Amino acid sequence: MSKVQDESFRDTIGTINKEGNRAWIFPKKPKGPFYDKRKILSYFLLVFLLAAPFIKINGHQFLMFNVMERRFNIFSFPFWPQDFHLFVISMIIGVVGLALFTVAFGRIFCGWFCPQTIFMEMVFRRIEYWIDGDRGAQIRLKKQEWNAEKIRKRVSKWILFFIFSFLIANVFLAYLVSSDRLLLMIKEGPALHSGTLIALLIFTAVFYFIFAWFREQVCIIACPYGRMQGVLLDNKSINVAYDYVRGEKEIGRAKFNKQEDRASTGKGDCIDCKQCVHVCPTGIDIRNGTQLECINCTACIDECDTIMESVGLPKGLIRYASEDEIVKKERFVFTNRMKGYAAVLTILIGVLIGMLFLRNDVEATILRLPGQLFEHKGENISNVYTYKIINKTNKTFENITFKLLEPKGTIQVVGATKVKVKADGIAKGTLFIEINPAYLEGDKIKLKIEVFDGENLIETATTNFMGPRSFN
Ligand code: SF4
Ligand code: SF4
């Protein structure tokens, strides 16, 4: 089998030239069955990504990541700061799931599901093809002097890129601060929300920078998931791979010659047309083997299949395959490593489901005011408390009352006659508890307090009560 002659790819990346400057990629417009399937999935995911913050189930936004207030909704399950452990478990499940997926199927997520790829390849790149044309036309336009055609094409592309970046920034904000707040701010106008407008323009600028200029560099340089590939992939992982056994054969790849019987020459099936390189959005040559830059977008599979068909050779020279399948003709097996990840994933999902079922929709915390001891009020001893009630449901609690279960005593809420907690809201306040010393069995006793909404018991809280030592 021939050796790969040029190994310079090991020292460089396709998007940086010898001088260390950015080498702009002009990928050929992909075409073929894989690209068609990716288009369908991408449009479905695009609709989902854009609609998810505006979908509500039981009054809860379907997806929300309010980092500032540490409130998250995942598939309409609200996670409060108090549920942070559940959120962390969900994130760990995501990471383990992704690791399992990667060990088995390589970087399939990047090519088919990643929002960066979907927006880049299915929105911005397609606008570019529409305005600038395919690879050849784009290269010509880049080299050409500024004239009316170039100005018209560039300006219309930049305007469209800006509009789409602004749209994405709005949706991003809906994920961050909730769609209700975003729609309210739009209704009230930018004059009342100038800070938010500035944030929105900064997000727009970031998205514009990413999709108009930074592009594949996100996958190659910035994405931490991409960096993990080296440790996750092994010889049994399925990837978009070049079948170098078939492609190189005894004497290596060679140009196609209609006149010869290729099989008898010892030449590989690769006709060195470089179409797989020209179509690659990260500028790599898949024939050099699995590389970190490859986002498994399948564009080279489609391109090579078209070439193979046109020269009468079997398709699949580039295909989804593991190294072991190419070299040893071994079929995909569920390895012990994959089984290990699957077992951890199953346990974590079980723990999360259990915790979600055990989780309360209402949380009440009643804590003694720090630094305060106790007071004598007539015959009674009084302690002062702060209370916090978190309502994770989608209905408002109109009339919250507190009832001391044991020992006998009274609870007096300071201020408001009626304590209300809005849906998805928090109520905080102060209350006094008075107990007759006759019921105190020590200087520090435990209290059980029931919290009602009208007649409905919604939560039971515990707290401490301090009395004088003489009652020991
Ligand atoms: S498209 Fe196929 S035949 Fe052409 S260079 Fe790439 S691997 Fe070889
Ligand atoms: S090598 Fe093929 S699958 Fe990988 S990024 Fe390039 S075109 Fe996509």
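Residues numbered from 1 in each chain as written. Chains lettered and ligands numbered in written order. Predicted model: local features only at pLDDT ≥ 70, side-chain atom pairs only at ≥ 80, totals over all residues. Heavy atoms only, no water.

The name that an unreviewed UniProt entry assigns to the chain is Cytochrome c oxidase accessory protein CcoG, with the source organism given as Flavobacterium orientale.

A. The packing of aromatic side chains, seen in detail. If you walk through the whole model with that rule in mind, you get 23 aromatic pairs. Here Phe105 and Phe332 contribute two aromatic rings whose centre-to-centre distance is 5.7 Å and whose plane-to-plane angle is 25°, an arrangement assigned as stacked. In this pair, Phe105 sits in helix H2 (residues 84-105) while Phe332 sits in the loop between helix H15 (323-328) and helix H16 (336-358), placing the two residues 227 residues apart along the sequence. Relative accessible area serves as the criterion here: at 32%, Phe105 is assigned to the partly exposed category. Phe332 sits in the partly exposed class, given a relative accessible area of 37%. Taking the centre distance of 5.9 Å and the plane angle of 90° together, the rings of Phe109 and Tyr225 count as edge-to-face. (Phe/Tyr/Trp six-rings, centres within 6.5 Å; stacked < 30°, edge-to-face > 60°. Helix = DSSP H or I, 4+ residues; strand = E, 2+ residues; numbered from the N terminus. Buried < 20%, exposed > 50% of the residue type's maximum accessible area, 1.4 Å probe, protein only.)

B. Just the side chain of Asn391, in detail. Here Asn391 shows up in strand S10 (residues 380-391). Of the polar contacts made by the side chain of Asn391, one reaches the backbone oxygen of Lys395; its length is 2.7 Å. At 3.2 Å, the side chain of Asn391 and the backbone oxygen of Lys422 are in polar contact. Not counting the four nearest positions on each side in its chain, Asn391 is found in contact with Trp80, Asp361, Thr396, Phe397, Val421, Lys422, Ala423, Asp424 and Gly425. (Polar contact = N/O pair within 3.5 Å; in protein donor to acceptor, adjacent residues only side chain to side chain. Contact = heavy atoms within 4.5 Å.)

C. Fine view of the UniProt feature "transmembrane region" (unreviewed entry) in the chain. Look at the UniProt record and you will see "transmembrane region" (unreviewed entry) annotated at residues 40-64, 84-110, 158-177, 197-214 and 338-358. Taken end to end, residues 40-64 comprises 48% helix and 24% strand; its first and last C-alpha atoms sit 25 Å apart. The span residues 197-214 shows a helical share of 100% and a strand share of 0%, and its end C-alpha atoms are spaced 24 Å apart. (UniProt positions renumbered as here; feature names shortened; annotations may be inferred.)

D. Focus on the site of ligand 2. Lining the immediate environment of ligand 2, one finds Val240, Cys280, Pro281, Thr282, Ile284, Ile286, Cys294, Ile295, Asn296, Cys297, Thr298 and Cys300. Taken together, the residues of the shell around ligand 2 break down into nine nonpolar, three polar and no charged. (Near = heavy atom within 4 Å. Nonpolar A, V, L, I, M, F, W, Y, C, P; charged D, E, K, R; others polar.)

E. Quick look at the state of the cysteines. Here the structure, examined in full by the defined rule, presents zero disulfides. Between Cys219, a cysteine without a disulfide, and Cys114, which holds the nearest cysteine sulfur, the sulfur-to-sulfur distance is 6.4 Å. In this structure Cys219 comes out as buried when scored by relative accessible area, which is 10%. With no disulfide of its own, Cys223 has Cys110 as its nearest cysteine by sulfur position, at a separation of 6.0 Å. The class for Cys223 is partly exposed, based on a relative accessible area of 21%. (Disulfide = S-S within 2.5 Å.)

F. Inspection of helix H14 (residues 299-310) at higher detail. Over its 12 residues, H14 runs 17 Å from end to end, which matches the ideal 16 Å to within 8%, given 1.5 Å per residue. Most of H14 is tucked away, with nine of its 12 residues classed as buried. Every buried residue of H14 is accounted for by Ala299, Cys300, Ile301, Asp302, Glu303, Cys304, Asp305, Ile307 and Met308. Residues of H14 that are buried make contact with helix H1 (33-51), strand S6 (239-242), helix H11 (244-248), helix H13 (275-278) and strand S7 (318-321). Among the residues trailing H14, Gly312 stands out with phi positive, at a value near 75°. (Expected span 1.5 Å × (residues − 1).)

G. Quick look at the side chain of Asp285. Here Asp285 is to be found in the loop between H13 and H14. For Asp285, a relative accessible area of 15% gives the class buried. Reaching out from Asp285, the side chain makes a polar contact with the side chain of Arg287 at a distance of 2.9 Å. Not counting residues up to four positions away in its chain, the partners in contact with Asp285 are Val277 and Gln291.

H. Structural context of the environment of Leu173. Along the chain, the position of Leu173 falls in helix H6 (residues 148-177). With relative accessibility at 5%, the residue Leu173 sits in the buried group. With 107 residues separating them along the chain, Leu173 and Asn66 place their C-alpha atoms 9.3 Å apart. Apart from the residues lying within four places of it in its own chain, the contact partners of Leu173 are Ser178, Leu182, Thr196, Leu200 and Phe203.

I. Broad picture of the sheet that holds strand S15 (residues 444-453). Pairing is antiparallel in the open sheet, where four strands are placed in the order S13-S11-S15-S16. In the strand order of this sheet, the two ends are held by strand S13 (419-421) and strand S16 (456-466), each with one partner. In this sheet, neighbouring strand axes are inclined to one another by 40° on average, regardless of whether the strands run parallel or antiparallel. As defined by bridge partners, S15 adjoins S16 across 10 bridges and the pair is classed as antiparallel. Counted as the bridge partner of Leu447 is Thr463 from S16. (Pairing = 2+ DSSP bridges. Axes fitted to C-alpha atoms, helices over the stretch in contact; angles between N-to-C directions.)

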